[in-house]
Amino acid sequence: MGTDNGTKRWHRRSGLIALVTGMLGGAAVLALLYAETPIDFSSLVNVDFSGIDDDSAALDLGRRGVSPAPPSNTATGNTDAVSNGTSAALQTTKASTSAQKRGPCFGVPWGDQGFTFQPPENEEEPWSERWYGGAVQRGVEQPYEGKWSIDLSETRYNQLNPVLLSTFGRWIWSETPRRIQISPTRPKSGILCVEGSREGFDSGVALGGGLKGAFKQASSRHFPPTGVVPDADLFTSPQYNLWIELLYTPTQEAVLEYAKSAISHGFPPGVLMIDTNWAERYGSFAFDSARFPDPKAMTDELHEMGFKVMVWVTPFVSPDSVEFRNLRALNYLVKNSWGGVGIPEWWDGHSALVDFMNPEAAAWYKGELDKLQSEYGIDGFKFDGGDPEYYRQLGGETAERSLEHLEAFNRVGLHYNSSEYRAAWKMAGNHLAMRLSDKAHAWGINGLSALLPNGIAQGLSGYAFTCPDMIGGGQYGDFVEVGTLKPKPGFAIDQELFVRYAQASALFPMMQFSLAPWRVLDEGHLASVREAALLHTSQAEAILALAKEASETGIPIVRNMEFAFPNQGYEAVRDQFLLGDDILVAPISTKGRDSRTVLIPPGRWEGMDGAVGEGIVRGPETRQVDCEGDDMSGSVCKLLWYRRRS
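Reading guide: rules and limits
Residues numbered from 1 in each chain as written. Predicted model: local features only at pLDDT ≥ 70, side-chain atom pairs only at ≥ 80, totals over all residues. Heavy atoms only, no water. Helix = DSSP H or I, 4+ residues; strand = E, 2+ residues; numbered from the N terminus. Contact = heavy atoms within 4.5 Å. Areas by Shrake-Rupley, 256 points an atom, 1.4 Å probe, with all protein chains shown as cover. Disulfide = S-S within 2.5 Å. Buried < 20%, exposed > 50% of the residue type's maximum accessible area, 1.4 Å probe, protein only. Pairing = 2+ DSSP bridges. Salt bridge = Lys/Arg side-chain N within 4 Å of Asp/Glu carboxyl O. Polar contact = N/O pair within 3.5 Å; in protein donor to acceptor, adjacent residues only side chain to side chain. Expected span 1.5 Å × (residues − 1). Axes fitted to C-alpha atoms, helices over the stretch in contact; angles between N-to-C directions.

**Notes on the overall build of the chain**
(1) Moving on: Within the chain one finds 18 helices and 28 strands.
(2) Moving on: Put simply, of all contacts in the chain between residues at least 6 apart along the chain, 72% involve residues at least 24 apart.
(3) Moving on: Accessible area for the chain stands at about 24200 Å²; split by element, carbon and sulfur atoms hold 48% of it.

**Examining the state of the cysteines**
(1) Moving on: The tally for this structure, following the rule as stated, stands at one disulfide.
(2) Moving on: The disulfide partner of cysteine 627 is cysteine 637, and the gap between their sulfur atoms is 1.7 Å. The disulfide joining cysteine 627 to cysteine 637 has a torsion of about -55° about its S-S bond and is therefore left-handed. Of the two residues, cysteine 627 sits in the loop between β27 (616-626) and β28 (640-645) while cysteine 637 sits in the loop between β27 and β28, which places them ten residues apart along the sequence. For the residue pair cysteine 627 and cysteine 637, the accessibility class agrees, reading buried in each case.

**Let's talk about the sheet that holds strand β25 (residues 583-585)**
(1) Moving on: As summarised here, the arrangement of the six strands in space is β23-β24-β25-β28-β26-β27, forming an open sheet in which the pairing is antiparallel. The strands lining the two open edges of the sheet, one partner per strand, are β23 (558-559) and β27.

**Some thoughts on the pattern of salt bridges**
(1) Moving on: Tallied over the full model, the rule gives 36 salt bridges.
(2) Moving on: Residues participating in the shared-partner salt-bridge network are Arg138, Glu141, Glu154 and Arg156.

**Digging into the side chain of arginine 422**
(1) Moving on: Along the chain, arginine 422 falls in the loop between β18 (419-421) and β19 (424-425).
(2) Moving on: A polar side-chain atom of arginine 422 sits 3.1 Å from a polar atom in the side chain of aspartate 384.
(3) Moving on: At a separation of 2.8 Å, a polar atom in the side chain of arginine 422 contacts the side chain of aspartate 387.
(4) Moving on: When neighbours within four sequence positions are excluded, arginine 422 is seen to be in contact with Tyr157, Asn158, Gln159, Trp347, Phe383, Asp384, Gly385, Asp387, Arg435 and Ser437.

**Quick word on the environment of arginine 645**
(1) Moving on: Within the secondary structure, arginine 645 sits in strand β28.
(2) Moving on: Put simply, arginine 645 and isoleucine 616 are 29 residues apart on the chain and 8.3 Å apart in space, counted from C-alpha to C-alpha.
(3) Moving on: In contact with arginine 645, not counting residues within four places along its chain, are Arg604, Glu606 and Ile616.
(4) Moving on: Of the polar contacts made by the side chain of arginine 645, one reaches the side chain of glutamate 606; its length is 2.6 Å.

**Considerations on helix α6 (residues 252-264)**
(1) Moving on: With 13 residues, α6 extends 18 Å between its outermost C-alpha atoms, agreeing within 8% with the 18 Å of an ideal straight helix rising 1.5 Å per residue.
(2) Moving on: Of all the positions in α6, only Gln252, Val255, Leu256, Tyr258, Ala259, Ser261 and Ala262 are classed as buried.
(3) Moving on: Tucked inside the fold, the buried residues of α6 contact β10 (239-241), α5 (243-246), β11 (271-274), α7 (295-304), β22 (512-513) and α15 (517-520).
(4) Moving on: At the C-terminal side of α6, glycine 266 shows a positive phi close to 90°.

**Let's talk about the sheet that holds β10**
(1) Moving on: One open sheet holds the eight strands; their spatial order is β21-β20-β18-β17-β12-β11-β10-β22, and the pairing between them is parallel. Sheet topology places β21 (466-467) and β22 at the edges, where each strand pairs with a single neighbour.
(2) Moving on: As judged from the three bridges shared by strand β17 (residues 380-383) and β18, these two strands associate in the parallel manner. Opposite phenylalanine 381, over in β18, you have serine 419 as the bridge partner.
(3) Moving on: Sitting on the sheet, α7 is in contact with β11 and β12 (308-313), with an inclination near 135° to β12.

**Examining the pairing of strand β6 (residues 170-174)**
(1) Moving on: Counting buried residues in β6 gives five out of five residues, a clear majority hidden from the surface.
(2) Moving on: One ladder, built from three bridges, connects strand β5 (residues 159-166) with β6; its direction is antiparallel. Opposite leucine 164, over in β6, you have isoleucine 172 as the bridge partner.
(3) Moving on: The hairpin formed by β5 and β6 contains three residues between the paired strands, and glycine 169 there has a positive phi angle of roughly 90°.
(4) Moving on: Two strands pair when backbone bridges link them, and β6 and strand β9 (residues 201-205) are joined in this way by five bridges, in the antiparallel orientation. Bridged to isoleucine 172 within β9 is serine 203.

**As for the environment of alanine 504**
(1) Moving on: Counting through the fold element by element, alanine 504 comes out in helix α14 (residues 495-506).
(2) Moving on: Residue classification places alanine 504 among the buried positions, given a relative accessible area of 2%.
(3) Moving on: In sequence terms alanine 504 and isoleucine 588 are 84 residues apart; their C-alpha atoms lie 7.8 Å from each other.
(4) Moving on: Excluding its chain neighbours within four sequence positions, the residues that come into contact with alanine 504 are Leu448, Leu451, Leu452 and Pro587.

If you want it as structure tokens, here you go:
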């Protein structure tokens, strides 16, 4: 088959293994090219790629004893194009880069994986490839396009999976944290700069598979599903986390009153999570007897009411406590850089950390959780903390292995069927519920507007069992003064915002309340929130079926529009999503609005609830939709969603 000149140029460009350095000059070039340990990547952002000449920079892999994978007409990955520890050299006629050099960065041999396309000749021409992945918190920035870079060590207080996926079917995986960026001066070249050595790095191309093909191939190789589904009640009923409602003063009486109030106000029973300060101190797993005089009687009563019960646990241990002294003697606590027990600062003060990389310490911790289940009937655990930021405060090897510490903490949850995490590293494919990080009681990108893009990012990162943050927001400083816990002067709940939070969460795989809506909302807004909760339970069977599918295939439950309908112009859609393939969800996230633009994908779709006036619509079509009012409240219109019809 003939090949045009543009494609020949792309074959040469995509076969580059070495990163072409820019005009950094003198010592800076030497430091960059010969470093074999992680470098300061900030200097790399300014590398000038414009000097690459495809003809003079072509790389002959075979001549250097490296055997690239042969071109293929089927989806393939690439792990052996450059052997571990080998850095191919780049030869160029440019005087400034004329020597063979071994560097800390390399390109990816996409052409050797059968990947061919012609990038635009002119940098002004449009370029359609988009990238997704990395930190879930960066969902609001995805897809990445133009001049982008990403640091695969940044969890940003949420989940991180070290995978990047492209709408062209390309994917990247790194076992270790590193920086990756597109060519800063030629972003349409498709050239990627990868920091560090090739050890622990993998890449592949799902030819013709687009974003979905890239996900499936990367998932099957690096985070395959385990076939295990989290406890069904996490999906089929609302969750009630008591953090914002009770803050640091939970009591047995208050917990039971919350549960009774939920039922009396028409909310279905579900999973109830008792948050911080149920125990005597951090590191203790004994209920505070002053606050919980009979915890077994409490859990028994909650079970009779139809609730499952989870408790909040962390890796933290209060210093100057009996638990600290015992664990220090057993060498179960994380060390700082000079060999003593590290005491990092976290949001509740200063504490030591259980060393989950010590198998004996991890076994001790699991034993304490097991006793909570056997003695008190606790059904599961909300695992909090463990963020790499706390380990990095301790310096030395602990800082360097901070993500490994987080991963070890995550693995404790695999022993249970009701485990929720906020922070995670390389846990995709496992049966862990993953909650989005705390959102503000606000409409903007730090609040409600982040819910959908970050939830979509969870799915693309391989975390299928997604849970949005607490309805109304989970940052307690929005509601009370930090420290004193006194009411904030002049603060009032935005009731419209509360309803929109509930609606946006209703067709996620899970939804979670905290601040009691029956306490802070008027009757009209409360009716709208209750309706959202009942909508969720009405779709329980479908959601549970999708959870089972995800456990077997890894396919996200919350699906990106481009993932489900490739090449339809949906790459940058962040404010609507698909629940599976058959439910389209388009919440309103702007204050005072009762309409929005909805992108209807190909097929026949029936408007439901707020979109019921639409009837059957046929896509693809872009529509301005006025949502139907809520007959009970008359103040906030209903959720816009559609069901696919044959």
